[in-house]
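A closer look at the structure
Below, each chain spelled out in residue letters.
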Amino acid sequence: MMQVKDIFSKRAKEIAYPKIREIFDRANKFENVISLGIGEPDFDTDPMIINKAFELVKEKKSTHYTPVPGYKELREAIVTKYEEENKLKINYEEVIVTHGAQYALTLAMLTLLNPKDEILIPDPYYPSYPSQVFLTGATSVFVPTFEKDGFKIKAKNLEKKITKRTKLLILNTPNNPTGAVLGKDDLKEISNIAIKNDLIVISDEAYETIVYDGKKHFCIASLPGMKERTITINSFSKRYAMTGWRIGYAVTTKEIIRNMMKISGYNLSCPCSVSQQAAIAALKSTSSIIRKMNLEYEERRNFIVAELNKIKGISCKKPEGAFYVFVNIKETGKSSEQIYNELLTKGKVVVIPGYAFGKQGEGYVRIAYTLPIDRLREAIKRIRKVVEKE
Ligand SMILES: Cc1ncc(COP(=O)(O)O)c(C=O)c1O
């Protein structure tokens with residue numbers, strides 16, 4: 001008889017079950033919980049996009065396999081987006097459409113990393129990165145970022161971690177979990193280091209459109225000398241509240257795209273045809289769809305930051321982008337696990353303990369303001385009660 005304990009690969013045995021999933025599984029056992037844990041827009045996809053998507057599916061008979069890197073029409077719509085929004089001139093052969101940004105990230109790493117390579121990851125980080133690196137056998141090297149710097153990566157901390165084996169640097173702006181946004185000057189400094197040390201940059205820009213106070217996202221690939229060494233990862237998930245459609249993409253050199261296609265063709269075949277039509281509909285839709293959601297996020301951000309800072313023992317800076325607040329809990333004298341635990345069991349509020357985002361995340365909890373203001377108000381009341389022990 002087969003020994004069940006022997007059926008799993010070393011990879012499957014060693015990869016950790018995602019901490020955030022564990023938290024949601026646990027929170028589901030509680031009633032009347034307010035979840036500030038989920039990193040997903042609470043908005044539904046705009047009906048204009050949904051209707052147009054299905055119209056296109058019928059009209060174009062999009063019920064078949066598509067090319068491995070996606071429909072040419074979608075890749076061309078992405079080219080237009082980059083020209084118009086990011087001042088980045090590309091052509092459609094420099095784009096691959098994938099099953100969400102998540103798969104674009106995995107694909108980029110599978111395409112570029114060998115077991116002896118090192119990849120630099122600013123800490124705190126989106127928890128998928130080290131696990132995706134793990135699947136390639138390469139090594140994650142963490143570069144600490146600090147609240148006093150607005151969680152922006154500093155050149156001297158980055159340079160300290162570069163070795164002969166360093167091949168890739170991952171950037172995430174706007175950032176999950178800290179909300180930090182790297183400006184043009186920050187990115188210029190990083191690009192100089194990348195060029196000097198011959199590093200490839202994976203730039204995860206999934207929250208590109210969610211930037212506040214009239215500021216604009218800046219794309220590192222548009223800096224001199226960076227287009228040929230950057231893989232820009234992007235997504236329809238947050239931009240258009242299209243998480244369930246699972247559609248994203250990578251933009252990089254034709255040569256890297258061709259190699260990504262080799263791997264993607266064998267395990268994804270192609271991205272979903274229906275979702276690709278939805279993505280075309282989205283890119284051709286009015287920009288007011290994005291603007292409306294962003295105004296709401298900005299209002300929520302202003303509300304929650306002001307309210308959290310009124311609670312004794314915790315504090316937070318105003319994030320410049322994404323829809324997260326990274327709340328400093330150090331004055332409570334408790335760990336992020338303890339605060340998460342107390343908020344869940346006593347307050348029925350779900351937050352994510354900072355250590356789930358790396359060593360630098362300890363002393364913080366992540367709050368997602370992906371709920372309407374009246375629910376956020378109730379959550380704040382509950383948090384105050386637990387933290388101030390009213
Ligand atoms: C920083 C970051 N990158 C990538 C993703 C994955 O996005 P997608 O839904 O496009 O796979 C997420 C999702 O939460 C994210 O937070």
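Rules behind the numbers
Residues numbered from 1 in each chain as written. Predicted model: local features only at pLDDT ≥ 70, side-chain atom pairs only at ≥ 80, totals over all residues. Heavy atoms only, no water. Pairing = 2+ DSSP bridges. Helix = DSSP H or I, 4+ residues; strand = E, 2+ residues; numbered from the N terminus. Domains from an automatic or database assignment. Contact = heavy atoms within 4.5 Å. Buried area = accessible area lost by both parts, 1.4 Å probe. Salt bridge = Lys/Arg side-chain N within 4 Å of Asp/Glu carboxyl O. Polar contact = N/O pair within 3.5 Å; in protein donor to acceptor, adjacent residues only side chain to side chain. Nonpolar A, V, L, I, M, F, W, Y, C, P; charged D, E, K, R; others polar. Phe/Tyr/Trp six-rings, centres within 6.5 Å; stacked < 30°, edge-to-face > 60°. Buried < 20%, exposed > 50% of the residue type's maximum accessible area, 1.4 Å probe, protein only. Lys NZ or Arg CZ within 6 Å of the ring centre and 35° of its normal.

Side note on the sheet that holds strand β9 (residues 324-328)
- Spatially, β9-β12-β11 is the arrangement adopted by the three strands of the open sheet, whose pairing is antiparallel. A strand with exactly one partner marks an edge of an open sheet, and here the two such strands are β9 and β11 (352-353).
- Relative to strand β12 (residues 364-368), β9 runs antiparallel, the two being bridged by five bridges. Each residue of the ladder has a partner; that of N328, found in β12, is Y364.

Remarks on the domain arrangement of the chain
- What the domain assignment lists for the chain is domain 1 (4-45 + 288-387) and domain 2 (48-283).
- Distance from the C-alpha centre of domain 1 to the C-alpha centre of domain 2: 24 Å.
- Contacts between domain 1 and domain 2 engage 35 residues on the former and 38 residues on the latter.
- Summed over both sides, the interface between domain 1 and domain 2 buries roughly 3300 Å², with carbon and sulfur atoms accounting for 59% of that surface.
- Considering only the side of domain 1, the residues that lose the most area to domain 2 are T45, E320 and Q360, jointly responsible for 23% of the buried surface there.
- Residue R301 pairs with D213 through a salt bridge whose shortest N-O separation is 2.9 Å.
- Our count for the domain 1 to domain 2 interface comes out at 23 residue pairs in polar contact (both at pLDDT 80 or more).
- Elements with a minimum of two residues in the side of domain 1 that touches domain 2: α1 (10-14), α11 (288-308), β9 and β12.
- In the side of domain 1 that touches domain 2, the residues fall into 17 nonpolar, eight polar and 10 charged.

Points about unusual backbone geometry
- A cis geometry characterises the amide bond from T173 onward to P174, with omega recorded as -10 degrees.
- Mapped onto the fold, P174 is located in the loop between β5 (166-172) and α8 (184-196).
- Between N176 and P177 the backbone carries a cis peptide bond, its omega angle lying at 25 degrees.
- Mapping P177 onto the fold places it in the loop between β5 and α8.
- At F151, a residue that is not glycine, the phi angle is positive and equals roughly 60 degrees.
- Within the fold, F151 resides in the loop between β4 (139-144) and α7 (155-160).
- In this structure, R246 is a non-glycine residue whose phi angle is positive, near 50 degrees.
- With respect to the secondary-structure elements, R246 resides in the loop between β7 (230-235) and β8 (248-251).

Some words on the packing of aromatic side chains
- Taken as a whole and assessed by the stated rule, the structure comprises 15 aromatic pairs.
- With a centroid separation of 5.5 Å and an interplanar angle of 75 degrees, the aromatic rings of F151 and Y364 are classed as edge-to-face. One end of the pair, F151, is in the loop between β4 and α7; the other, Y364, is in strand β12, with 213 residues separating them in the sequence. Y364 matches F151 in its accessibility class, with the two residues each being buried.
- Members of the aromatic cluster, each reached through a chain of ring pairs, are F43, Y207, Y297, F323 and Y324.
- The residue whose ring lies beneath K72 is Y92, and the NZ or CZ to ring-centre distance is 4.9 Å.

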